[in-house]
Amino acid sequence: MPSIASSALLKHTREQALKMPEIVWADAELDEARGTSSLSSTTGRETRKMNTYQAIRDALSIALSTNDSAIVFGEDVAFGGVFRCTLGLAEEYGRERVFNTPLTEQGVVGFGIGYASMGSKLGNSTLGGRGMGGTAIAEVQFVDYIWPAFDQLLNEASKFRYRSGGQFNVGGLTVRCPTMAVGHGGLYHSQSPEGFFMGAGGLKVVIPRSPLQAKGLLLSSIRDPNPVVFMEPKVLYRSAVEQVPTSDYILPLGRAEILTTGSDLTVVTYGTSVYRCEQAIHLLTHPPEGTGIERTVRDALGDWRRSRKGQNTSSTPTIELIDLRTILPYDLPLVLRSLSKTHRLLIVHEGPTTGGVGMQIAGDVMSGFNTTSTTNESEEDVGRMRREAFLGLEAPVKVIGGWDTPGVALQYEKFYIPDEVRILDGLLEVLAY
Amino acid sequence: MLRRASSTLRPLINRISSLSTRSLGRLPNTQSPIVSKPHFFNSVTGDSNELIPAFRLIDGTGVPLDGAGLPELDEAFARKLYENMQLLPNLDNILYNVQRQGKISFYMTAQPPLPMTMSRPQGKTNACPGVAYALRRSPERSNSVAACFFGEGAASEGDFHAGLLLASTIPSPVVFIARNNGFAISTPSSEQYHGDGIASRGPGYGIDTIRVDGNDVLAVLAAVREARTRCVEQGRAVLVECMSYRVGHHSTSDDSFAYRARSEVEDRKRIDNPLARFRLFMETRGWWDAQAEEELKTRHRADVLKAFKRAETQSRWELGELFTDIYAGEEPWNIKEQRKELGRLLKKYGEDWEPWRRELQKYKNEGRDLIKE
Ligand SMILES: Cc1ncc(C[n+]2csc(CCOP(=O)(O)OP(=O)(O)O)c2C)c(N)n1
Ligand SMILES: [Mg+2]
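Along each chain, numbering runs from 1 in the same order as the chain's sequence is written. Here chains are named by letter from A upward and ligands by number from 1 upward, in the order in which they appear as written. Residue-level local features of this predicted model are given only where pLDDT is at least 70; pairs of side-chain atoms are given and counted only at 80 or more, and the full residue set underlies all totals for whole chains, interfaces and linings. By convention in this description, side-chain values take in all heavy atoms of the structure and omit both hydrogens and water.

Chain B carries the name 2-oxoisovalerate dehydrogenase subunit alpha in an unreviewed UniProt entry, which gives Lentinula edodes as its organism. UniProt positions are given in the numbering used here, feature names are shortened, and annotations may be inferred rather than shown by experiment. Per UniProt, chain B has the following entry under Function (unreviewed entry): "The branched-chain alpha-keto dehydrogenase complex catalyzes the overall conversion of alpha-keto acids to acyl-CoA and CO(2). It contains multiple copies of three enzymatic components: branched-chain alpha-keto acid decarboxylase (E1), lipoamide acyltransferase (E2) and lipoamide dehydrogenase (E3)." According to the UniProt record, the Catalytic activity (unreviewed entry) comment for chain B is "N(6)-[(R)-lipoyl]-L-lysyl-[protein] + 3-methyl-2-oxobutanoate + H(+) = N(6)-[(R)-S(8)-2-methylpropanoyldihydrolipoyl]-L-lysyl-[protein] + CO2".

As recorded by an unreviewed UniProt entry, chain A carries the name 3-methyl-2-oxobutanoate dehydrogenase (2-methylpropanoyl-transferring) and is attributed to Lentinula edodes. In its Catalytic activity (unreviewed entry) section, the UniProt record describing chain A reads: "N(6)-[(R)-lipoyl]-L-lysyl-[protein] + 3-methyl-2-oxobutanoate + H(+) = N(6)-[(R)-S(8)-2-methylpropanoyldihydrolipoyl]-L-lysyl-[protein] + CO2". Taken from UniProt, the Cofactor (unreviewed entry) comment for chain A reads in full: "thiamine diphosphate".

Peer 1: Would you mind showing me how to read the coordination of the magnesium ion (ligand 2) here?
Peer 2: Angles at a metal have ideal values that depend on geometry: 109.5 degrees with four tetrahedral donors, 90 or 180 degrees with six octahedral donors. Residues and elements named next belong to chain B. Those protein atoms acting as donors to the magnesium ion (ligand 2) are Glu152 (OE), Asn181 (OD1) and Phe183 (O), and they sit at 2.1 to 2.3 Å. Water is not part of the atom set, so a site may look incomplete; the donors themselves are N, O and S atoms within 2.8 Å of the metal, or 3.2 Å for Na, K and Ca. The sequence pattern formed by the donor residues of the magnesium ion (ligand 2) is E-x28-N-x1-F. Placement of the pair is Glu152 in the loop between strand E2 (146–151) and helix H4 (158–169) and Asn181 in the loop between strand E3 (174–180) and strand E4 (183–184), with a sequence separation of 29 residues. In terms of burial, Glu152 and Asn181 fall into one category: buried. We count a stretch as a helix when DSSP gives it H or I for four or more residues in a row; a strand needs E for two or more, and each element gets its number in order from the N terminus. Summary of the burial criterion: residues with accessible area below 20% of their type's maximum are buried, those above 50% are exposed, and those between are partly exposed, where the area comes from a 1.4 Å probe applied to protein chains only.

Peer 1: Teacher, can you tell me more about the domain arrangement of chain A here?
Peer 2: Residues and elements named next belong to chain A. Here the domain parsing of chain A yields domain 1 (14–250) and domain 2 (257–431). Domain delimitation follows an automatic or database domain assignment. Centre-to-centre separation of domain 1 and domain 2, based on C-alpha positions: 29 Å. By definition, residues are in contact when any of their heavy atoms lie within 4.5 Å. Across the contact, 32 residues belong to domain 1 and 28 residues belong to domain 2. We define a salt bridge as a side-chain nitrogen of Lys or Arg found within 4 Å of a carboxyl oxygen belonging to Asp or Glu. Summed over the shared surface of domain 1 and domain 2, the result is three salt bridges. Ionic pairing is found between Glu257 and Arg209, a salt bridge with its closest N-O pair at 3.0 Å. Think of a polar contact as two N or O atoms within 3.5 Å of one another; within protein, one of them needs to be a possible hydrogen donor and the other a possible acceptor, and neighboring residues in sequence only count if both atoms come from side chains. Counting the contacts that link domain 1 with domain 2 gives 13 residue pairs in polar contact (both at pLDDT 80 or more). Those elements that provide at least two residues to the side of domain 1 that touches domain 2 are strand E9 (204–206) and helix H8 (211–223). Residue contributions to the side of domain 1 that touches domain 2 peak at three residues, all from E9. When the residues that make up the side of domain 1 that touches domain 2 are grouped by side-chain class, the tally is 19 nonpolar, nine polar and four charged. Following the grouping adopted for this structure description, the nonpolar residues are Ala, Val, Leu, Ile, Met, Phe, Trp, Tyr, Cys and Pro, the charged ones are Asp, Glu, Lys and Arg, and the polar ones are all others, Gly among them.

Peer 1: Help me out: how do you make sense of the domain arrangement of chain B in this one?
Peer 2: One widely used convention gives an interface's size as the accessible area the parts lose upon coming together. Parsing chain B into structural domains produces domain 1 (76–311) and domain 2 (319–370). Put simply, the middle of domain 1 of chain B and the middle of domain 2 of chain B, counted by C-alpha atoms, are 39 Å apart.

Peer 1: In this structure, what is going on with the interface of chain A and chain B? I would like to understand it.
Peer 2: At the junction of the two partners, chain A supplies 41 residues and chain B supplies 41 residues. For the chain A and chain B pair, buried surface summed over both sides reaches about 3,500 Å², with 60% attributable to carbon and sulfur atoms. Of all residues in chain A, Trp403(A), Tyr412(A) and Phe415(A) give up the largest surface area on contact with chain B, accounting jointly for 22% of the area buried on that side. Across the chain A-chain B interface, the total number found is six salt bridges. The partner of Arg344(B) in a salt bridge is Asp425(A), and the shortest N-O contact between them spans 2.7 Å. Only helix H5 (105–117), helix H11 (292–307) and helix H15 (420–432) of chain A provide two or more residues apiece to the side of chain A that touches chain B. Considering every element that reaches the side of chain A that touches chain B, the biggest residue donor is H15(A), with six residues. Here the residues of the side of chain A that touches chain B are counted per class, giving 17 nonpolar, 13 polar and eleven charged. Using a 1.4 Å probe, buried area is obtained as the accessible area two parts lose upon being combined, added over both of them.

Peer 1: Would you explain the pairing of strand E10 (residues 228–233) of chain A in this entry?
Peer 2: Consecutive side chains along a regular strand alternate between the two faces of the sheet. Residue and element names in this part refer to chain A. The buried count for E10 comes to six of six residues, which makes it a mostly enclosed element. Neither face of E10 is open: one carries Val228, Phe230 and Glu232, the other Val229, Met231 and Pro233, and all of them are buried. Sheet analysis places strand E8 (residues 173–179) next to E10, joined by six bridges and oriented parallel. When the sheet's bridge partners are listed, Arg176 is paired in E10 with Phe230. For E9 and E10, the ladder comprises three bridges, and the chain directions are parallel. Bridge pairing in E10 links Val205 to Val229. A crossover counts as right-handed when, viewed with the strands pointing away from the observer, the path leading from the first strand over the helix to the second turns clockwise. With H8 bridging E9 and its parallel neighbour E10, the resulting β-α-β unit is right-handed. Any two strands between which DSSP finds at least two bridges are classified as paired.

Peer 1: Got a minute to help me understand the sheet that holds strand E14 (residues 265–269) of chain A in this structure?
Peer 2: Residue and element names in this part refer to chain A. Pairing is mixed in the open sheet, where five strands are placed in the order E13-E15-E14-E17-E18. Of all strands in the sheet, those with a lone pairing partner are strand E13 (257–260) and strand E18 (398–402), marking the two edges. Between one strand axis and the next, the sheet turns through 25 degrees on average, direction left out of account. As defined by bridge partners, E14 adjoins strand E17 (residues 345–352) across three bridges and the pair is classed as parallel. Its bridge partner being in E17, Val267 is matched across the sheet by Leu346. Only the contacting stretch of a helix is used when fitting its axis, a line to C-alpha atoms as for every element, and angles between N-to-C directions run 0 to 180 degrees. Packing of helix H12 (residues 332–342) onto the sheet brings it into contact with E13, E14, strand E15 (319–323) and E17, and relative to E14 it is tilted by some 155 degrees.

The structure is reproduced here in structure tokens:
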């Protein structure tokens, strides 16, 4: 049974790390701009073993060293942060650029909005002349404490560009915050509130699954021309360890990633749940021997095979596992492309089910009349894909999320967070339908 | 500029200025005296070099300061105060170790043992005025006040400012009690605020305020008694800022020597120990001695261990409680559906899936209440 540490989804060797799909090397981009070519291939690049907090620290250090306007701030950030993501940065880059704030999240995010707004470009010049504003990297100590700043994020950050007709923006703002459950966090250190942000047009929301992903996605978020809320799954800070390229690179926002390809069922997830899905898929082929679970799996797969009679299928179903990575705006076309093969969909996350990301995706797949087909041949016809995805479904969509309780209660956490066996049950249910 | 106005405007201006010379004196929304020299200020004491004084009654050896008016206090009450104060370091020591052994997931240290409960950092400061307003409206509780405890870090939240503002503007009897222990996790109070502590904010909201030596239990007692009296009499909030120093780590997740020198903490402990101070005071009165101290420590230790053992062996409530107390009244369909879904899963996997089987044993009924449904 794979654990997070031994997960096959993590890049345990340098070669695997450097072959990360869609990785964009900063120096290669420079080369392209200059028409030169130095290190654009994978040769000559270094990787180092890092856990997630080290990878995040590495990204912050690159952001600070490549951009003079960048500042990093938040509660307890100067001594390294309660999760060690900013360790040593204050010493390295000085207290003017890496600093503690008073204990006020609305203050932290509001400050970031103001600083970022000073980087708005008006025509060719920066707002306010040669001001130093621009890249504000704020930390909210736990996502559970983002609510005092919700007003700043929704009523200021998300609307900044829109309400000024594109004249001003706070694209330089990134708000980092630890998220999800760890096993003992209780009501105020376990929340997964990304669902609340789904309607926040103008903001982006990103949740990485690993050190390599965290570094590339964080650098992307920092450089993206839109404000980004970057949620870091707490449990992965130490437990997920990967070979991470040491140089400057980004991974694209708005793009999901297929982690394992398959043709019988699409599983969409993100963050910590990625590993639980991997474990559940493992259980599908390796159920605990001699247990009722083994029989349950055998029976369900028998039903699945019978339902596929006449079709040329392998004896075990193959699962397409997708990591969403960017939650807002998320990669619906990729999900639809996958569904055109599998015709079955399971979505898994920790956050509450009602109003959550899973229900949003399920709704988007089903509401095919919401989009007009494109006549532009170079564009993907998402409208048609939506209708076909819905009409092609061979089973109802299943969403496995947290329950609709107001938070994750300490004593009940093991039965709140969708774990591998609950996900296994979902796999079987959707496959055998 | 009036004098340079064009001649067509002159008659109008003359009229306005003759009116205003008569009525000008006070400004419309304030009774501020008028001065003709610019006066910037940055102090609530009137003198910008002077800090808000701190109220103290006994010195480091428990001896009352000259002219100190001690609060009324008999032996029984003094002993009770001291015993409660002593309980906190005992709790800290035992539970800290218990957490280290993995028996509990997290513990937040209570030191220094001010005569006040632990503050739950954020949020409550906002709700207190409403609590107090309700008390004011309850005839049988018109003598009661709400007490709101918080740290100097929590006082940076917008909630705090909103709470103070409402408690004075919509007169509500709240005693706000700040424990200024110099740290919010790693952040020293020097990075938490630039003004004169938390106390300086009280007058900004029109609130009677006092700063107290928080390591002097008698000063805290006297100040809070007086605060309570004012609160009841005026029906408005009062703010008490207790100055102290956090000698412990913030919590079991924190190692404070990552951001402050061990020697700083040791020095502080040596210079001023609120327990020793009060104990010396009691000893000079013949209310306490070494034997009483020994007995108390033994008793506290036994009490804490006993309470812990009891808590440890208690099984959890039924697992079905996971879905209760979400709403009052009719339970919505989604909660019903989710409870059933968990029951179905438990029935199917509860015996065979080892992590669940082990976890289920911790609940009363071992999850059968959900399976049955
Ligand atoms: C809204 C919010 N933000 C951040 C935190 C994390 N946090 C918990 S305790 C604490 C420091 C509190 O300091 P202070 O108010 O001075 O209380 P003390 O622990 O010193 O008594 C912080 C930042 C929180 N609990 N709530
Ligand atoms: Mg404090």
